Amino acid sequence: MNKTLAVTAAMSTLLAACGGSSDKLTPAPVSQLFAQTNDSTNAVVQFIRNADGTLTSKGSIQTGGKGTNGVNYFMGNIVAPDALTSNNSLILSTDKTRLFVANAGDNTVSTFSISSSGDINLLAVSPTGGTRPTSLAYLNGVLYVTHQQGAQELGAYRVGQDGKLTAIAQYTVVQQDALPTQVAVSPDGKFVVVNGFLKTVNPVQPANALLAFPINADGSLGTAVSSTSAGIGPFGGRFGSGSLASSYVVTEAAGDTASSYSLASNGTFSTVSGPVTVTGQAAPCWLAITPDNKFVYVSSGSGTVSLFSLDASGKLTLSNATAATEAGVSSSTSSFANDSWISPDGKYLYQDYAGDDKIVAYSIATNGALTKIGEGPVTTQSKISLQGLTGT
């Protein structure tokens, strides 16, 4: 009993830091980066990615929806970094011609078109029928959305040519009012994967579940296959590519660990390595994998990016617990490293620092080491509500 109480107390402390198809269109050739402000009047911030990896601001465009303005539901509706407690709050379609943004403040998703010149234009703002949409995934003209509350927290929606969403079906994740943190599609297009972070928010109880929903031909989903995670509180996850397309690397926020798994054809996850402790860092929640599968970067509520190596079998090894970090704006505040994204050529890592209201650009060396090459201020209303990161 004493051990259980101690684990619960430690976990609560650590968790507090985390908080129609367009595929026929011509992909946008401009190298860009996108994030969302999550302001009350939500907006997409847009940067040009220069040839040397640095960023040039292209301004912002309103989503037509509302963000939470930094209000964090998981933290008891206080203003705190990582207000959406999620990965993938804005994503691109497979062909890079559509941008989707979750508006958690008014339960909608915005759809933008991306022109060949890189301009983004708002097409539609669609209600999801759920409460607090925070994570998105896309495949073959269908958008999958997870929500922070409700009896059925996962939804599937057909995307029309006009950008509007039409509901296909909704599904239960773990149990009612659980807190899923990420939805993703497996590289083979066979499963929608949801990370079951918590069973309940109050009291805090981890779900420790990785869910794989089989994808039917019409985009609807079959019965989920549930696998128990190796570590406590699976938060973020990324699949490898090529020979490691079935490898799934996961951050386990409550245990300060990361693990790697293999996804079988029947939807079960088996542990390959882990849980590996992210030494000295609290609340590792976000991650990115280089296109060559060699390096994994794990970002944490401590304001630090940790470097892991990934071998040919998908085994995860910690190489440098502090590969990059930024000081907070005050001595008592973490810079809070959350969402990150790696350029398709594997040369650059882009990192949100929500506590500093900025995005930092790093070059990636052949040994995975990071060198800061620049940054782009975001200027959110709350100064800490920056969320999501994706690019072309």
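Fair warning: this is a prediction, and the values are worked out from it, not measured in the lab.

Rules used in this analysis
- Residues numbered from 1 in each chain as written.
- Predicted model: local features only at pLDDT ≥ 70, side-chain atom pairs only at ≥ 80, totals over all residues.
- Heavy atoms only, no water.
- Salt bridge = Lys/Arg side-chain N within 4 Å of Asp/Glu carboxyl O.
- Helix = DSSP H or I, 4+ residues; strand = E, 2+ residues; numbered from the N terminus.
- Buried < 20%, exposed > 50% of the residue type's maximum accessible area, 1.4 Å probe, protein only.
- Core = buried A, V, L, I, M, F, W, Y, C linked by side-chain atoms within 4.5 Å.
- Contact = heavy atoms within 4.5 Å.
- Pairing = 2+ DSSP bridges.
- Axes fitted to C-alpha atoms, helices over the stretch in contact; angles between N-to-C directions.

Visitor: Please give an account of the pattern of salt bridges that cites residues and values.
Guide: Pairs can form between side chains of opposite charge whenever their charged atoms are close. A full pass over the atoms with the stated rule returns five salt bridges. A salt bridge links Lys 58 to Asp 119, with the shortest nitrogen-to-oxygen separation between them at 3.2 Å. You can see Lys 58 sitting in strand β3 (residues 55-62) and its partner Asp 119 sitting in the loop between β8 (108-114) and β9 (120-127), a full 61 residues away along the chain. According to the relative accessible area criterion, Lys 58 is partly exposed, its value standing at 32%.

Visitor: Summarise the nonpolar core; cite the residues concerned and give the values.
Guide: Residues Tyr 144, Leu 154, Val 192, Val 194, Phe 213 and Leu 221 are the most contacted members of the largest nonpolar core, which totals 17 residues. Within the residue set of this core, elements represented by two or more residues are β10 (131-139), β11 (142-149), β12 (154-159), β14 (179-185), β15 (191-200) and β16 (205-214). Discounting chain neighbours no more than four positions away, the residues touching Val 194 are Thr 146, Leu 154, Val 173, Pro 180, Gln 182, Val 183, Ala 209, Leu 210, Leu 211 and Phe 213. Counting 15 residues, the second-largest nonpolar core is a separate cluster that includes Leu 307, Ile 342, Leu 349 and Tyr 353.

Visitor: Describe the sheet that holds β9, listing the residues and the values that go with them.
Guide: Pairing is antiparallel across the open sheet formed by four strands, whose spatial order is β6-β7-β8-β9. Edge positions in the sheet fall to β6 (90-92) and β9, since each has one partner strand and no second. Neighbour-to-neighbour, the strand axes of this sheet turn through a mean angle of 20°, independent of strand direction. Here seven bridges tie β8 to β9, and the two strands are oriented antiparallel to one another. Bridged to Ser 113 within β9 is Asn 121.

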